[in-house]
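Below, each chain spelled out in residue letters.
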Number of protein chains: 2
Amino acid sequence: MAGWSGRIIYDAKGDTMSGCTSYYVGIDVGGTSVKMGLFAEGGELLGKASVLTPPLTDEAGFNAVTAGIDQLLSEAALDVASVAAVGLAVPCPVPASGEITLAANITIAPAELKAALEAHCSAAVVRYVNDANAAAMGELWRGSAQGRTSMVMVTIGTGLGGGVVVNGDVIDGAFGAGGEIGHMCVNPDETRTCGCGLKGCLEQYASASGVVSNYLKACEDHGVEPRELAGSSDSRTVFQACREGDAQALEAMEVMTDYLARGLTIISAVVDPEIYILGGGASASSDVFLDTLRAKFAAHALKVSAGTPIEVATLGNDAGIIGAAYVALRAAGE
Amino acid sequence: MAGWSGRIIYDAKGDTMSGCTSYYVGIDVGGTSVKMGLFAEGGELLGKASVLTPPLTDEAGFNAVTAGIDQLLSEAALDVASVAAVGLAVPCPVPASGEITLAANITIAPAELKAALEAHCSAAVVRYVNDANAAAMGELWRGSAQGRTSMVMVTIGTGLGGGVVVNGDVIDGAFGAGGEIGHMCVNPDETRTCGCGLKGCLEQYASASGVVSNYLKACEDHGVEPRELAGSSDSRTVFQACREGDAQALEAMEVMTDYLARGLTIISAVVDPEIYILGGGASASSDVFLDTLRAKFAAHALKVSAGTPIEVATLGNDAGIIGAAYVALRAAGE
């Protein structure tokens, strides 16, 4: 176990398999933890693990990842030669070339990590994918968008991420900005600056932080003392206040759904997906905002797309590892 | 020639071919004329023709189209059996299913016309494609986006159309709204209604009609008598006034490029194409607005995509027939 910066935690063992000869590893590299799953060809989860994220810039960090793969294989009594592909979901733009040039949110040496994985899993194709794009592919393979050929996933967390799937493939984008729907400008009059440096981004109104910000503004506008919040992205408390009929919380929800509905109508006028899937932490409060969002979308979309369904994701935090494995599986089949 | 509602006009004869066994017909059905081209596998144009658009709802209309194909084949000394695919570009939404349900701008019985073409060209795959999407595929095959795998074409005519290409295929959209970028909402505060029934659509500011409308508003705001215009979409006169330093015309161009740049930055945050291509009548005046548009795009795009090139289309009115043939060729190869 040399090289692990943290203890591997097995938090589930999934389906059992027989007759499968190729296996797939999905790795979701987050700021806090690296999650990992081993999958059979049909998407069956054989085992998963997680570990605190080490700096992925040297042998010790790379060994942490390969040791995790070995442990998953060992638990499933499989050899490393049976791994046909490894997918790595990362919280940064991944251009169509697969070569990452900008990784602000994590400490990673992408080319070296890829080389280490290729050396360790010598039969495997190794692919990077943006984390929100991986989540979309996860929902497509095993979640609420199964059987679709096109879909857009909206991940409503601290930020607002997206994954755009067309013809069964997620759009990385020529420069890695495919699915960066949180940074569509939906309010050119905004004076506050978004984390990305632009102004009026969808994320500023429709992410968990956006909902909190909408709420604080509504309280200020009406001279009302806001409820106590657990932090700047505690949309949960705001949504609970909505359930209790709090006027400022409901105003915050209206602002969120105004902008999110506008964003989705714009996306429909570009790629016109079969379905929208809402994921991320805030999607657990969809009882508060989903009907309103659907009504606003239907009222403002082009007539042909006005009936596009908007549903909630089903895979939760596993979407990333599942989608990373699926992207790698598709790459290996090319 | 029974059934033609107008005389076939041969307006060009293109490349000559030898050694090619499969040929492709691209048909661009417009409100005024039906244009048609015969192509070899590499996109070489063997001949083209046009005729006034008949009602495409009965035998007489269908025969007009098949007679046009026969005449093109006869001029090239080819048999109808050598036609491997026929593409039909139409000014209405074409869903991914290929079944047209809404055709407001032309008189067409889409399923019957398709059946008539399949009966006449019995070896051919017949495919519909939206006209703006066809133009994008034309520029990809033989125009200014050759060699690209992704691109977005913006057709600036009376309206504003678009074609979004990803992984070499144009996105029809699940409901036919793929590439309907003229109807992205870029100004939620707009009170005037767009032709589509929505408000604040990109087309209201950045099409030829939009430029005229921006100009008339600027003249009204400043109490200035507008120049004489040839109609509600005579952006040419407005752009000429820009060249002469006319303040209101320049204001109209600034409004156009503000909204168009915002629209392109939004598109980059969804599909992040390799390149933007501007076509349509107004693209002939790109000397007036292209540098301004590029600067505004670069200033407001996400950092990774800020360098996306914006270029002018090269195929002019032939983009539709070329793209229709290419879409059909790709469908035949599936």
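Criteria and cut-off values
- Residues numbered from 1 in each chain as written.
- Chains lettered and ligands numbered in written order.
- Predicted model: local features only at pLDDT ≥ 70, side-chain atom pairs only at ≥ 80, totals over all residues.
- Heavy atoms only, no water.
- Helix = DSSP H or I, 4+ residues; strand = E, 2+ residues; numbered from the N terminus.
- Rg over C-alpha atoms; globule rule 2.2 N^0.38 Å.
- Buried < 20%, exposed > 50% of the residue type's maximum accessible area, 1.4 Å probe, protein only.
- Contact = heavy atoms within 4.5 Å.
- Areas by Shrake-Rupley, 256 points an atom, 1.4 Å probe, with all protein chains shown as cover.
- Lys, Arg positive; Asp, Glu negative; His and termini not counted.
- Charge placed at Lys NZ, Arg CZ, Asp CG, Glu CD.
- Pairing = 2+ DSSP bridges.
- Buried area = accessible area lost by both parts, 1.4 Å probe.
- Salt bridge = Lys/Arg side-chain N within 4 Å of Asp/Glu carboxyl O.
- Least-squares fit on C-alpha atoms with pLDDT ≥ 70 in both.
- Axes fitted to C-alpha atoms, helices over the stretch in contact; angles between N-to-C directions.
- Parallel < 35°, antiparallel > 145°, perpendicular 65-115°, else oblique.
- Nonpolar A, V, L, I, M, F, W, Y, C, P; charged D, E, K, R; others polar.

### Description of the overall build of chain A
Each helix and strand counted, chain A has 9 helices and 11 strands in total. In terms of C-alpha radius of gyration, chain A reaches 20 Å, essentially the compact-globule figure of 20 Å for 334 residues. Dimensions of chain A, computed from C-alpha atoms along their principal axes, come out at roughly 60 × 40 × 35 Å. Going through the 334 residues of chain A one by one, you find that 57% of them count as buried. Nonlocal contacts in chain A, meaning residues at least 24 apart in sequence, comprise 65% of its contacts between residues at least 6 apart. In the structure as shown, chain A presents an accessible area of about 12,900 Å², 48% of it carried by carbon and sulfur atoms. Taken together, the 19 basic and 38 acidic charged side chains of chain A have centroids lying 4 Å from each other.

### Brief notes about the pairing of strand S5 (residues 83-90) of chain A
Successive side chains on a regular strand alternate, one facing one side of the sheet and the next facing the other. Residue and element names in this part refer to chain A. For S5, the buried fraction is high: 8 of the 8 residues fall into the buried class. Looking at chain direction, strand S2 (residues 23-29) and S5 are connected through 6 bridges and run parallel. Each bridged residue has a counterpart across the sheet, and for Ile27 the counterpart in S5 is Leu88. One ladder, built from 6 bridges, connects S5 with strand S6 (residues 125-130); its direction is parallel. Paired with Gly87 across the two strands is Arg127, which belongs to S6.

### Description of the interface of chain B and chain A
Taken residue by residue, the interface counts 42 residues in chain B and 42 residues in chain A. Each partner contributes to the roughly 3,100 Å² buried at the junction of chain B and chain A, and carbon and sulfur atoms together form 71% of this total. Together, Phe175(B), Val270(B) and Val304(B) form the three largest contributors to the area buried by chain B at its contact with chain A, with a combined 21%. Linking chain B to chain A there are 0 salt bridges.

### A short note on the relation of the copies chain B and chain A
Each of the two copies of the chain can be brought onto the other by a rotation about an axis and a shift along it. Superposition of chain B onto chain A requires a rotation of 180° combined with a translation of 0.0 Å along the rotation axis, giving an RMSD of 0.0 Å. The superposition of one copy onto the other is thereby described by a two-fold rotation axis. When the interface residues of chain B are mapped onto chain A, 100% of them again fall at the interface, so both copies present the same face.

### Re the packing of helix H6 (residues 235-243) of chain A against helix H8 (residues 286-300) of chain A
All names here are of chain A. The contact between H6 and H8 brings their axes to 9 Å, and the two run at 75°. Considering their axes alone, H6 and H8 lie roughly perpendicular with respect to each other. Facing H6, whose interface residues are Phe239, Cys242 and Arg243, H8 presents Asp287, Val288 and Phe289. When its residues are assigned to classes, the contact of H6 with H8 shows 4 nonpolar, no polar and 2 charged.

### Overview of the sheet that holds strand S8 (residues 160-166) of chain A
All names here are of chain A. Taken in spatial order, the 5 strands line up as S9-S8-S7-S10-S11 in an open sheet, and their pairing is mixed. A single partner strand is all that each edge strand has here, and the edge strands are strand S9 (169-170) and strand S11 (310-312). Across 3 bridges, the pairing between strand S10 (residues 276-279) and S11 is parallel. Among the inter-strand pairings, Tyr276 is bridged to a residue of S11, identified as Ile310. Running at roughly 155° to strand S7 (residues 151-156), helix H7 (residues 247-268) makes contact with S7, S8, S10 and S11 of the sheet.

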